[in-house]
Amino acid sequence: MNIAHTIFGVFGNATALFLFLAPSITFKRIIKNKSTEQFSGIPYPMTLLNCLLSAWYGLPFVSKDNTLVSTINGTGALIETVYVLIFLFYAPKKEKAKIFGVFTAVLTVFATVALVSLFALHGNARKLFCGIAATVFSIIMYASPLSIMRLVIKTKSVEYMPFFLSLFVFLCGTSWFIYGLIGRDPFVAIPNGFGCALGTLQLILYVIYCGNKGEKSAEKDDKSLEMKGEEKKQNVVNGKQQEQQV
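Residues numbered from 1 in each chain as written. Predicted model: local features only at pLDDT ≥ 70, side-chain atom pairs only at ≥ 80, totals over all residues. Heavy atoms only, no water.

J.: What am I meant to see in the overall build of the chain here?
T.: Counting secondary structure elements, the chain contains 10 helices and 0 strands. Element order for the chain, N to C, with α for helix and β for strand: α-α-α-α-α-α-α-α-α-α. When the 246 residues of the chain are sorted by exposure, 42% land in the buried category. The long-range fraction of contacts in the chain, counting pairs at least 24 apart against all pairs at least 6 apart in sequence, stands at 78%. When the accessible surface of the chain is totalled, it reaches about 13,900 Å², and 68% of it is carbon and sulfur. (Helix = DSSP H or I, 4+ residues; strand = E, 2+ residues; numbered from the N terminus. Buried < 20%, exposed > 50% of the residue type's maximum accessible area, 1.4 Å probe, protein only. Contact = heavy atoms within 4.5 Å. Areas by Shrake-Rupley, 256 points an atom, 1.4 Å probe, with all protein chains shown as cover.)

J.: I would appreciate a short explanation of the UniProt feature "transmembrane region" (unreviewed entry) in the chain in the present structure.
T.: As annotated by UniProt and renumbered to match this structure, "transmembrane region" (unreviewed entry) occupies residues 6–27, 39–59, 71–92, 99–122, 128–148, 160–182 and 188–209. Measuring from the first to the last C-alpha atom of residues 39–59 gives 34 Å, for a span that is 71% helix and 0% strand. The span residues 71–92 carries 91% helix and 0% strand; its end-to-end C-alpha distance comes to 34 Å. (UniProt positions renumbered as here; feature names shortened; annotations may be inferred.)

J.: What am I meant to see in empty space enclosed by the protein here?
T.: Remark: the empty space left among the atoms is shown by a probe the size of a water molecule rolled over them. Scanning the entire structure with this criterion turns up 2 cavities of 30 Å³ or more. Empty space within the largest cavity amounts to approximately 310 Å³. If you list the elements that add at least two residues to the lining of the largest cavity, you get α1 (2–21), α3 (43–57), α6 (123–143) and α8 (163–182). Tallied by class, the residues present in the lining of the largest cavity amount to 15 nonpolar, 6 polar and 1 charged. A volume near 250 Å³ is recorded for the second largest cavity. N50, S54, N73, S138 and N192 are, among the 20 residues lining the second largest cavity, the residues nearest its centre. Looking at the lining of the second largest cavity, the elements that each hand over two or more residues are α1, α3, α4 (67–90), α6, α8 and α9 (186–209). Broken down by class, the residue content of the lining of the second largest cavity amounts to 14 nonpolar, 6 polar and no charged. (1 Å grid on protein atoms, 1.4 Å probe; cavity = no way out; pocket = protein on both sides within 12 Å on 5 of 7 lines; lining within 4 Å. Points joined across faces, edges and corners; volume = space filled by probe spheres on them. Nonpolar A, V, L, I, M, F, W, Y, C, P; charged D, E, K, R; others polar.)

J.: I'm lost on the pattern of salt bridges in this one. Help?
T.: Should their charged atoms come close, side chains of opposite charge can pair. Scanning the entire structure with this criterion turns up 1 salt bridge. R29 is paired through a salt bridge with E37; the nearest N and O atoms lie 2.7 Å apart. Given a relative accessible area of 26%, R29 falls into the partly exposed group. Overall, the relative accessible area of 30% leaves E37 in the partly exposed class. (Salt bridge = Lys/Arg side-chain N within 4 Å of Asp/Glu carboxyl O.)

J.: Just checking my understanding: could you explain unusual backbone geometry for this structure?
T.: Excluding glycine, residues mostly have negative phi values, and the peptide bonds linking residues are mostly trans. Positive phi, normally seen in glycine, also occurs at K34, with a value near 55 degrees. Note on K34: relative accessible area 64%, which makes it exposed. One non-glycine residue, D65, adopts positive backbone phi at about 60 degrees. Among the structural elements, D65 can be located in the loop between α3 and α4. Classification of D65 as exposed rests on a relative accessible area of 66%.

J.: Would you take a moment to explain the packing of α3 against helix α5 (residues 93–119) for this structure?
T.: The relative placement of two packed helices comes down to the angle between their axes together with the axis-to-axis distance. Between α3 and α5, whose axes approach to 9 Å, the crossing angle comes to 10 degrees. Here α3 lies roughly parallel to α5, going by the angle between them. Side by side, α3 and α5 meet where P45, M46, L48, L49, L52, L53 and W56 of the first sit next to I99, V102, F103, V106, V109, F110, V113, A114, S117 and L118 of the second. When its residues are assigned to classes, the contact of α3 with α5 shows 16 nonpolar, 1 polar and no charged. (Axes fitted to C-alpha atoms, helices over the stretch in contact; angles between N-to-C directions. Parallel < 35°, antiparallel > 145°, perpendicular 65-115°, else oblique.)

J.: I would appreciate a short explanation of the nonpolar core in the present structure.
T.: Proteins that are soluble and globular tend to have nonpolar side chains buried together. Of all hydrophobic cores here, the largest spans 55 residues; its most connected members are L53, Y57, F87, F110, V152, M161 and W176. If one sorts the elements of this core by residue count, α3 sits on top with 9 residues. Excluding residues that lie within four positions of it along the chain, W176 makes contacts with G9, G12, N13, A16, L68, V69, I72, V188 and N192. (Core = buried A, V, L, I, M, F, W, Y, C linked by side-chain atoms within 4.5 Å.)

J.: Looking at this model, I keep getting lost on the environment of F170. Mind explaining?
T.: Tracing the backbone shows F170 in helix α8. In this structure the C-alpha to C-alpha distance between F170 and G199, which are 29 residues apart in sequence, comes to 4.1 Å. Among all residues touching F170, those that are not within four sequence positions of it are C196, G199, T200 and L203.

Below, the structure written as structure tokens:
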């Protein structure tokens, strides 16, 4: 059982790393266009909070045999911090204020949990407190793309829901869900079971709408065709006028 626990922990580390790196494609686009467009910035600070709390929960003085949980989430916290800073740099003023507020709240919540667990709680009470906090915010992290899923259904386009991000949400959630079941750790199994289910829903939406351009793209195409048609008509009129002058 310990071998299986370690195997799924290592696989969970690998899939989680890919999950953390998957948005790099989105951020390349943001940096290139110098705009966050319609991409949501909420998932990144929420993922940061999840990483910080999970890394804290995995430390030996909080819970035993969860070193793999701590290492990958510590790495994820660094990556997500970079994403948040880039998003803040390129976001419009209103969105920037919103994300900065969420980012500040994230750091405040983590500092509070860490200090309370370190100085006020000990033993099983510390594990229970940190585990509940990590579980709650892990579920919130997995739920944060729901706004993007709503946008996908509304626009009938997956343009703003990257495939690889959805895929690794599913793989990461599944691997850590099994890891938690083998280790009999509900604080790992419960939130990642939710992540597995949500990742499945995202992939289903991708299959349904991946072939669609979406309403906005279709409107742009229609406008482009209309403009080309008008240009052709104008060229014909100009040509006739020139013939009459000759």
